[in-house]
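So the chains spell out like this:
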Amino acid sequence: MSGGTYYVPEQSKLPIFASFGLFLTVFGAANWMNGNSSGPWLFFAGGLTFAAVLWNWFSIVISENMAGLNSPQLKRSYVIGMGWFIFSEVMFFAAFFGALFYIRALALPWLAGEGDGVDNVLLWPGFANEWPLMTTPDMAANGEGATKVGPDAAMSWPGFGGLFSWLPFWNTVVLLSSSVTVHFAHTAIKNNNRKQFNIMLGVTVLLGFIFLFLQAEEYIHAYHELGLTLQSGIYGTTFFMLTGFHGAHVTMGTIMLLVMWLRSVLKGHFKPDDNFGFEAASWYWHFVDVVWVGLFFVVYVFG
Amino acid sequence: MAHGPAKGITRWLYTTNHKDIGSMYLWFSFAMFFLGGIFALVIRAELFQPGLQIVDPNFFNQMTTMHGLVMVFGAVMPAFVGLANWMIPMQIGAPDMALPRMNNWSFWILPFAFAMLSSTLFMDGGAPNFGWTFYAPLSTTYAPPSVTFFIFAIHIMGASSIMGAINIIATIVNMRAPGMTYMKMPLFVWTWLITAFLLIAVMPVLAGVVTMMLMDIHFGTSFFDAAGGGDPVLFQHVFWFFGHPEVYIMILPAFGIVSAIIPTFARKPLFGYASMVYATAAIAFLSFVVWAHHMFTVGLPIAGELFFMWATMLIAVPTGVKVFNWVATMFKGAMTFETPMLFSIAFVILFTIGGFSGLMLAIAPADFQYHDTYFVVAHFHYVLVPGAIFSITAGVYYWLPKWCGNMYNETMGKLHFWLAFIGLNVTFFPMHFSGLAGMPRRIPDYNMMFADWNMISSVGAFLFGAAQVLFLYNVIATIVGGKKATDEVWENPEGLEWTVPSPAPYHTFSEPPEFKSSH
């Protein structure tokens, strides 16, 4: 903007195409889930459109910044935007954590006869409250005829003796270490130490991939050996939804950090005093880390 | 920055201008207002007499559902975002919204989302028919297949709202003119800042609850299924944790609009500015701890009934502060009664009636009688129609001359007001009586004893609908012609928006203006 203090961008095709891509993705997903054969095609076409638009969008924002168009005030807008976006993510996870607390603290005791006990007597006779929930109300009341069947085994705390052969423990070690390495990367770029930045960020991305690999191992183990699936009553539901959404966020975060690493290694982006693209990704990474600590205690240790 | 808008359709498709985006939000909202209004008139036509005359019960349920969804997410929320887009940058002396491209993205998601939601009316099994609150298991186990499209429509609307809210917060926090401290901001800006916070806090929770539905429907999870250890009541808790702040999302910006209009036409500064700010914040805080007052009859423990009853009644205190301040602003003022002022005074009176019926509903033991009756329908329409809709209408008449440079026709504006005012009271006041007598919500047929009040409500509804056609005419007539408006438009109105020409230039405040506050 000539003479102004704030960069207001020219007209842009990005938003309308992003909207179209987003629409096509969800429209395809809905068709897919409803069994329409066009669904997967629409879904992937939409996803590709959306990804292409985002690629362009970020490229343009980066080149605007490199061209010096971004005032300190505009940069502050990006910082504020990222901060509040992470807050919205916190609230999304809060809904699922809240659901788990409600189920364990209120719903299951009531189903097991606490309070007036009428649900238990009339609908689910014989159901007893336990966590992890292995015997669902359906199994308690209907035995072999039950359709909602619990898992054969759960992901619970093995005691301190089994700690070092317990996969969630190693996942915690991996993710907490990655939070430290991404912090070292941040310190390195602030000290203008490009080599250390690249190494530390690279290690962070690697740890992200290791976490995802271990998480995939855990899911395969759960499905094939523990009989623990999304369909295994409320324990399977809460276990997979909480860890699954967390895993999806780790995937996002790993991709974000990988892009930042490639930008630094291939293009030499980021300066000691101008690196918010990386910093935003690192904030996101710390956020998924904090969520994991919550999961580790609520879903695994006390689960 | 001399250049004006681009030519042709691409001006609207590719725009990054807050005024263009504001206009698109407002026109989109207007279209959805008429669509949701048509659904409402189908409901009222069927209820004109007892018995089934016009639609079958399943389609009736689709109409109640779609009416609520379209009005809440399509009409009221986008209208407030449209007003925010137009007015916040002009009121704080900013050149535009903080993130102009994301601003346009927030808008353009909405037409796609509502096209998808509306298309469910033509799908096998029909549109969603489980009420706008979509309680499980009606919305999961017993839902039509179109529920999947409904879920994804909600998802992308939520993304739009979150991005819009982030943009508004970044704008207000980062782009105020020098000298405009937080406690000198216009109240419309303050109320929107708090509303944006509420949006970011609860739209993700809505996304969470529809995701749980999606998983239960398509992937065999047990969130809302007691057979697997879940609980249908869990749905209501998560939904209303979103839903109660949501009703304040639909009313806090209204408080801001009315707090701008009443001082102008009372020719007195707003009474109790600081207490208005604190009351808004208090209402927002309380909105997070009252959600289960929507659920008094589902079998909450007695401690829950009591906590949510008392917390709900507490809301009357900051709301009372606001009503007192509006009345005190008018007290001994040199009042005139132009159209925006008429709508604002009606807002204060009728919203207060809705507030009082809310207080009645907050009393848990009494709610067992009122729950799911037309008394509830009367209550929330008294807070939403004269609350949200009247304030939006007042805001449009108040700022339209600034937007398009022409004065609206005062006689036509007043005619619109009186038709709408009479229409809404004739529609919704009798619902208190039919509700107290026991008429249930969301039902296409009813006992003969409710016939008279229902017939009156239906007549009122069509009158209210006709009044809105007049509104559309007034807006278009003002845009295409009419007396030229002055830059100030009104007599000594307060605010930076009145320091720029009418119509406001395409780009305002490229350089931050000098801000001097009177309070």
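Residues numbered from 1 in each chain as written. Chains lettered and ligands numbered in written order. Predicted model: local features only at pLDDT ≥ 70, side-chain atom pairs only at ≥ 80, totals over all residues.

As for the overall build of chain A
In terms of regular secondary structure, chain A is built from nine helices and zero strands. Going residue by residue from the N terminus, the α and β elements of chain A occur as α-α-α-α-α-α-α-α-α. In terms of overall dimensions, chain A has C-alpha extents of about 75 × 50 × 35 Å along its principal axes. In chain A, buried positions account for 38% of the 303 residues. Of all intrachain contacts in chain A linking residues separated by at least 6 positions in sequence, the fraction that spans at least 24 positions is 64%. (Helix = DSSP H or I, 4+ residues; strand = E, 2+ residues; numbered from the N terminus. Buried ≥ 20, exposed ≤ 12 C-beta atoms within 10 Å, placed from the backbone. Contact = placed C-beta atoms within 7 Å.)

Quick word on the overall build of chain B
Regarding its fold elements, chain B presents 16 helices and zero strands. What you see for chain B is a C-alpha radius of gyration of 22 Å, in line with the 24 Å of a compact globule of 519 residues. Principal-axis analysis of the C-alpha atoms places the extent of chain B at approximately 65 × 50 × 45 Å. When the 519 residues of chain B are sorted by exposure, 59% land in the buried category. (Rg over C-alpha atoms; globule rule 2.2 N^0.38 Å.)

Digging into the packing of helix 5 (residues 147–174) of chain B against helix 6 (residues 187–218) of chain B
Residue and element names in this part refer to chain B. Relative orientation of the contacting elements helix 5 and helix 6 amounts to 155 degrees, with a least axis distance of 8 Å. For the element pair helix 5 / helix 6, the angle class is roughly antiparallel. Of the two elements, helix 5 crosses helix 6, and the hand of that crossing is left-handed. Broken down by class, the residue content of the contact of helix 5 with helix 6 amounts to 22 nonpolar, three polar and no charged. (Axes fitted to C-alpha atoms, helices over the stretch in contact; angles between N-to-C directions. Parallel < 35°, antiparallel > 145°, perpendicular 65-115°, else oblique. Left-handed = near helix turned anticlockwise from the far one by under 90°. Nonpolar A, V, L, I, M, F, W, Y, C, P; charged D, E, K, R; others polar.)

Thoughts on the interface of chain A and chain B
Taken residue by residue, the interface counts 56 residues in chain A and 59 residues in chain B. Of all elements in the fold, only helix 1 (14–33), helix 3 (72–111), helix 5 (137–142) and helix 8 (233–267) of chain A reach the threshold of two or more residues within the side of chain A that touches chain B. At 20 residues, the largest contribution of residues to the side of chain A that touches chain B is made by helix 3 of chain A. Counted by class, the side of chain A that touches chain B contains 34 nonpolar, 17 polar and five charged residues.

What about helix 16 (residues 451–480) of chain B?
Residues and elements named next belong to chain B. Along its 30 residues, helix 16 runs 44 Å from first to last C-alpha, staying within 8% of the 44 Å computed at 1.5 Å per residue. For helix 16, the full list of buried residues reads Asn454, Ser457, Ser458, Gly460, Ala461, Phe464, Ala467, Phe471, Asn474, Val475 and Thr478. Lining the buried residues of helix 16 we find helix 2 (18–46), helix 14 (374–404) and helix 15 (410–436). Two residues or fewer after helix 16 comes glycine 482, characterised by a positive phi angle close to 105 degrees. (Expected span 1.5 Å × (residues − 1).)

Thoughts on the nonpolar core
Within the largest apolar cluster, 254 residues are counted, with the highest numbers of intra-cluster contacts made by Ala113(B), Ala153(B), Ile156(B), Ile169(B) and Val209(B). With 24 residues, helix 6 of chain B is the single largest residue contributor to this core. Counting the residues that make up this core, at least three belong to each of domain 1 (12–69) and domain 2 (73–301) of chain A. What Ala113(B) contacts, discounting residues up to four positions off in sequence, is Ala153(B), Ile156(B) and Met157(B). (Core = buried A, V, L, I, M, F, W, Y, C linked by C-beta atoms within 7 Å. Domains from an automatic or database assignment.)

A look at the environment of Gly4(B)
Residues and elements named next belong to chain B. Structurally, glycine 4 is set in the segment before helix 1 (10–13). Overall, glycine 4 belongs to the exposed group, with 11 C-beta atoms counted inside 10 Å. Sequence spacing of glycine 4 and tyrosine 398 is 394 residues, and the spatial spacing of their C-alpha atoms is 25 Å.

Overview of the domain arrangement of chain A
Taken domain by domain, chain A holds domain 1 (12–69) and domain 2 (73–301). Relative to domain 2 of chain A, the C-alpha centre of domain 1 of chain A lies at a distance of 26 Å.

Side note on helix 8 (residues 252–266) of chain B
One turn of an α-helix holds 3.6 residues; hence residues three or four places apart share an orientation. Residue and element names in this part refer to chain B. When the terminal C-alpha atoms of helix 8 are compared, their 21 Å separation across 15 residues agrees well with the 21 Å that a helix rising 1.5 Å per residue should span. Counting buried residues along helix 8, 15 of its 15 residues qualify, which places the element largely inside the surrounding structure. One or two residues past the end of helix 8 sits arginine 267, with phi positive at roughly 55 degrees.

Quick notes on the packing of helix 15 of chain B against helix 16 of chain B
All names here are of chain B. For the pair helix 15 and helix 16, the least separation of the axes is 8 Å and the interaxial angle reads 155 degrees. Taken together, helix 15 and helix 16 sit at an angle that is classed as roughly antiparallel. When the axes of helix 15 and helix 16 are compared, the crossing they make is left-handed. For the contact of helix 15 with helix 16, the residue count by class is 20 nonpolar, nine polar and no charged.

Focus on the confidence of the model for chain A
Looking at chain A, pLDDT values average 94 and 98% of them are 70 or higher. Here helix 4 (residues 118–122) of chain A stands out as the element of chain A with the lowest mean pLDDT, 85, in contrast to helix 1 of chain A, whose mean of 98 is the highest. (pLDDT = per-residue confidence, 0-100.)

Quick look at unusual backbone geometry
With an omega of 0 degrees, the peptide bond running from Trp131(A) to Pro132(A) counts as cis. Mapped onto the elements of the fold, Pro132(A) is located in the loop between helix 4 and helix 5. Residue Pro137(B) is reached from Ala136(B) by a cis peptide bond, and omega for that bond is 5 degrees. Mapped onto the elements of the fold, Pro137(B) is located in the loop between helix 4 (100–119) and helix 5.

Re the environment of Gly253(A)
All names here are of chain A. Position of glycine 253 relative to the elements: it lies in helix 8. Along the primary structure glycine 253 and glycine 208 are separated by 45 residues, whereas in three dimensions their C-alpha atoms are 8.2 Å apart. Here glycine 253 is in contact with Gly208, Tyr284, Trp285 and Val288, once residues within four sequence places are set aside.

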